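Here is what each chain is made of, one letter per residue.
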Amino acid sequence: VRPVYVAGVGIHAFGRFSDTSVTALGTHAVRAALKEAGVGRGGFQAAFCGTVYSGVAAGHKVLTSLGLSGVPIVNVEAGCASGGAALALAAAQVGSGQHDRVLVFGMEKMPRGIIRSSFFEPWREEAGLAATPAYFALRAQRLMLESDVTLADLARVSEKNHRHGVANPYAMYRKAISADEILASPVVCEPLRLLMLCSPNEGAAAVVLSATPTGTPVRVAAVALRSHLGGSVLGEHTPMSGAADHPVPAPTEMAARDAYEAAGVSPADLDVVELQDTDSGREILSAEELGLCPKGGGGRWVRDGGGEMGARLPVNPSGGLLSKGEPLGASALGQIVELTWQLRGAADQRQVAGARVALAHTVGRGANACVAVLTR
Amino acid sequence: LFVADPEAPRLIGGSCQVCGKSHFPRGPVCPYCGADACVEARFGPDGRLALFTVVTSRPPGYRGPVPYGFGVVELPGGLLVVSRLAESRFDCLRPGLAVRLAIEPLFTDEEERPVLAWVFRPEAS
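All of these numbers come straight from a predicted model, not from anything done at the bench.

How each quantity is defined
Residues numbered from 1 in each chain as written. Chains lettered and ligands numbered in written order. Predicted model: local features only at pLDDT ≥ 70, side-chain atom pairs only at ≥ 80, totals over all residues. Heavy atoms only, no water. Pairing = 2+ DSSP bridges. Helix = DSSP H or I, 4+ residues; strand = E, 2+ residues; numbered from the N terminus. Axes fitted to C-alpha atoms, helices over the stretch in contact; angles between N-to-C directions. Contact = heavy atoms within 4.5 Å. Core = buried A, V, L, I, M, F, W, Y, C linked by side-chain atoms within 4.5 Å. Buried < 20%, exposed > 50% of the residue type's maximum accessible area, 1.4 Å probe, protein only. Buried area = accessible area lost by both parts, 1.4 Å probe. Salt bridge = Lys/Arg side-chain N within 4 Å of Asp/Glu carboxyl O. Polar contact = N/O pair within 3.5 Å; in protein donor to acceptor, adjacent residues only side chain to side chain. Nonpolar A, V, L, I, M, F, W, Y, C, P; charged D, E, K, R; others polar.

Enquirer: Explain the sheet that holds strand β1 (residues 5-15) of chain A to me, and be specific about the residues and the numbers.
Expert: All names here are of chain A. Strand order in the open sheet made by the nine strands is β3-β2-β4-β7-β1-β8-β11-β10-β9, with mixed pairing throughout. Taken across any chain shown, the strands that pair with only one partner, and hence form the sheet edges, are β3 (73-76) and β9 (272-274). Pairs of neighbouring strands in the sheet enclose a mean axial angle of 20 degrees, with direction left out of account. Bridging between β1 and strand β7 (residues 202-210) involves eight bridges; their strand directions are antiparallel. Residue Val 6 lies in a different strand from β7, and its bridge partner there is Leu 209. On the sheet, helix α1 (residues 22-37) packs against β1, β4 (101-109) and β7 and is oriented at approximately 150 degrees with respect to β1.

Written out as structure tokens, the structure reads:
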């Protein structure tokens with residue numbers, strides 16, 4: 001397998017853009033990435049588009065509108081990890097030598113209000129089981145019951161990510177929020193308050209992968225994608241099981257193990273991490289599953305300032321999904337864009353000094369988890 | 001999904017003859033080991049509340065009352081079931097609480113027919 005490099009990145013800010021179609025969002029990000037890579041028509045041999053709610057041939061519509069069709073275009077759906085799955089496919093094609101340059105992009109325009117997901121069969125909806133935030137709440141409660149994670153810790157995570165997000169011009173929310181304000185926000189599902197949950201929204205991100213290093217070379221050292229094993233009733237695949245919760249590794253743990261091995265790094269080598277923070281509890285669980293802190297040590301990690309800018313290992317310097325919002329197909333590639341800037345030393349006020357090894361993590365319905373390691 | 005006998009309500013799941021694990025609702029093969037050797041198994045009515053929250057806004061496709069309790073109930077044998085709870089006051093719920101299965105009308109459909117659903121109710125309330 002030969003090395004795979006990031007040749008160009010592009011992003012459309014995450015937020016709400018009622019006058020902009022999803023095709024236009026994707027087009028914006030794709031054009032920026034291609035321009036940076038110095039690539040035009042004929043400059044890439046395949047394209048993968050991560051998206052969940054964009055409908056039929058969504059990626060084709062983006063490339064058709066730019067006069068860039070003709071190459072194979074594959075639309076990829078893997079829940080919250082859709083962009084990561086698209087990246088995995090693209091990296092495999094470049095790494096294997098099948099293609100020299102591949103475009104990967106992700107885009108989303110999430111429906112407003114409580115989102116209806118075809119993941120839930122009608123009988124589950126009727127029974128009141130399609131209450132997505134409630135599953136996050138149960139997961140957070142389990143962290144609190146099984147370890148010393150407190151409600152205050154959940155607030156601290158959100159406070160940190162909102163503080164980081166202030167410096168991110170591509171984030172939806174750019175306002176620092178105190179832990180007290182977070183705790184005082186309306187209860188959505190105990191123990192989760194409104195300001196402990198990310199907002200589904202809109203956005204796009206794009207990355208050009210190449211076999212040839214350019215500029216400050218950022219290498220895609222590993223992209224690992226895994227789905228869940230049976231069990232783990234509160235895994236992201238809930239409510240598929242209703243099944244006994246015998247100990248099985250979570251998708252994130254499996255993907256992390258694969259990625260660390262393929263990249264030849266361990267958590268101690270990481271300089272900066274962007275991880276899935278759908279809600280405050282998810283960030284703590286992600287940190288544990290990625291090995292950034294001991295299992296059951298997530299509460300302590302938060303209270304010791306884990307993940308803060310200036311800490312040994314900053315987590316979500318972009319502000320995370322809590323600040324950016326979550327456009328499903330775009331979120332994983334948004335992380336890759338951010339981390340590419342970090343490794344190039346081009347992340348402005350969000351810069352983690354001297355970052356050389358970065359990790360991106362997404363996990364969601366399916367269940368799917370993607371872990372990517374980038375190096376410079 | 002369930003047996004709607006008021007005297008003996010049960011959830012209908014499956015039990016694997018190969019790995020011994022149970023699942024709900026019943027599927028064609030064991031979701032753990034993939035064995036094509038599952039038999040029908042009935043679960044309930046008594047269980048213990050493992051995890052719980054309260055849903056405060058109406059999720060898609062749900063036509064019952066809001067707010068409502070929501071949680072994970074552990075049934076004898078270790079089966080964990082995600083379920084609506086009959087108690088919607090968070091402070092009245094706690095880990096380990098004894099709960100009992102009930103099959104009850106949840107809402108009335110377009111043809112004025114009651115639609116039944118399962119729910120777990122705390123023993124004391």
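Enquirer: Provide a residue-level description of the nonpolar core, including the pertinent values.
Expert: With 84 residues, the main nonpolar core has Leu 292 of chain A together with Leu 11, Phe 70, Trp 118 and Phe 120 of chain B as its most contacted residues. Element by element, the count of residues in this core is highest for helix α5 (residues 132-146) of chain A, at seven residues. Each residue touching Leu 11 of chain B, except ones within four places of it in the same chain, is listed here: Leu 1, Phe 2, Phe 24, Ala 41, Arg 42, Phe 43, Leu 75, Val 81, Leu 101, Trp 118 and Phe 120 of chain B. In this structure, Ala 90, Val 337, Leu 343 and Ala 360 of chain A belong to the second largest nonpolar core, which totals 38 residues.

Enquirer: Can you tell me about the interface of chain B and chain A, naming the residues and giving the values?
Expert: Contact residues are listed per partner, giving 38 residues for chain B and 34 residues for chain A. For the pair chain B and chain A, the summed buried surface comes to about 2,700 Å²; carbon and sulfur atoms form 69% of the total. The largest share of the area that chain B buries against chain A comes from Tyr 32, Leu 51 and Pro 60 of chain B, three residues that together contribute 23% of it. Put simply, chain B and chain A have zero salt bridges between them. Inspection of the chain B/chain A interface yields four residue pairs in polar contact (both at pLDDT 80 or more). Residue assignment for the side of chain B that touches chain A shows that the elements contributing at least two residues are β5 (46-55), β6 (68-74), β7 (80-85), β8 (98-108) and β9 (114-122) of chain B. A per-element tally of the side of chain B that touches chain A places β5 of chain B first, with six residues. Here the residues of the side of chain B that touches chain A sort into 26 nonpolar, eight polar and four charged.

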